[in-house]
Amino acid sequence: FPSHDSEDGETIEEGGLREAIEETNLKIESIVDMISLGLVYEFTDTRNRKVHEESFLLIFDGRWEIKIDPHEHQSFKWIQFEEINRDIVKHESNFECLKKSQAILKHWGG
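Keep in mind the model is a prediction, meaning the values are calculated, not measured. (Residues numbered from 1 in each chain as written. Predicted model: local features only at pLDDT ≥ 70, side-chain atom pairs only at ≥ 80, totals over all residues. Heavy atoms only, no water.)

Student: I'd like to hear about the environment of Glu42, residue by residue, with values.
Tutor: Residue position: Glu42 is located in strand S2 (residues 31-44). You can call Glu42 exposed: its relative accessible area is 57%. Spatially, the C-alpha atom of Glu42 lies 4.8 Å from that of His52, the residues being 10 residues apart in sequence. Those residues in contact with Glu42, other than ones at most four positions away along the chain, are Val51 and His52. (Helix = DSSP H or I, 4+ residues; strand = E, 2+ residues; numbered from the N terminus. Buried < 20%, exposed > 50% of the residue type's maximum accessible area, 1.4 Å probe, protein only. Contact = heavy atoms within 4.5 Å.)

The following block contains the structure:
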């Protein structure tokens, strides 16, 4: 997940975790690990704001009932690990995050 909306006093990691919880209904007790992907993006968003975005991989213990914030997202989709490909996301940076996450999970899972 990308993190770019930190509030005063929050680290980028804390802001990213807060955003994941707020935007998906993720339960903090389900989180097993949080790994920085080392991917950083700078861009201007659709509201002409400068954005600094860092990406993290959250590992959690199973699925949860996703309730997305309709002001932030239009939809979501669970996919199988083997289904990751360029066509499932809109932005190249999102695909880069998925590919790096896939590589980490292959190594992490043994």
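Structure's up, so let's keep going.
Student: I'd like a rundown of the packing of aromatic side chains, residues and numbers included.
Tutor: Summed over the entire model, instances satisfying the criterion amount to one aromatic pair. For the pair Phe60 and Trp78, a centre-to-centre distance of 6.2 Å together with 55° between the ring planes defines the contact as tilted. Taken together, the positions of Phe60 in strand S3 (residues 50-60) and Trp78 in the loop between S3 and helix H2 (92-108) put the pair 18 residues apart, joining distant regions of the chain. Overall, the relative accessible area of 25% leaves Phe60 in the partly exposed class. (Phe/Tyr/Trp six-rings, centres within 6.5 Å; stacked < 30°, edge-to-face > 60°.)

Student: An account of the side chain of Glu19 is needed here, citing residue identities and associated values.
Tutor: Within the secondary structure, Glu19 is located in helix H1 (residues 12-24). Here Arg18 takes part through its side chain, which lies 2.8 Å from a polar atom of the side chain of Glu19. (Polar contact = N/O pair within 3.5 Å; in protein donor to acceptor, adjacent residues only side chain to side chain.)

Student: Give a description of the pattern of salt bridges that names residues and reports values.
Tutor: This model, assessed by the stated rule, comprises five salt bridges. Arg18 is the partner of Glu22 in a salt bridge, and the nearest nitrogen-oxygen pair spans 3.2 Å. Note that Glu22 and Arg18 are positioned in helix H1 at a spacing of four residues, about one turn of the helix. Judged by its relative accessible area of 46%, Glu22 is partly exposed. The shortest N-O distance in the salt bridge between Arg86 and Glu92 comes to 2.6 Å. You can call Arg86 partly exposed: its relative accessible area is 29%. Look at the salt bridges and you will find they share partners, linking Glu10, Arg18, Glu19 and Glu22 into a network. (Salt bridge = Lys/Arg side-chain N within 4 Å of Asp/Glu carboxyl O.)

Student: Explain the confidence of the model for the protein chain residue by residue, including any values.
Tutor: Parts of the model with low pLDDT should not have their predicted coordinates read in detail. Mean pLDDT for the protein chain: 85, with 92% of residues reaching 70 or above. Here strand S1 (residues 2-3) stands out as the least confident element of the protein chain, with mean pLDDT 50; S2 is the most confident, with 92. (pLDDT = per-residue confidence, 0-100.)

Student: Requested: an account of unusual backbone geometry, with residues and values cited.
Tutor: Glycine aside, residues mostly have negative phi, and peptide bonds are mostly found in the trans state. Phi at Asn25 takes a positive value of approximately 75°, unusual for a residue other than glycine. Here Asn25 lies in the loop between H1 and S2. The phi dihedral of Asn48 falls on the positive side, at around 65°, and the residue is not glycine.

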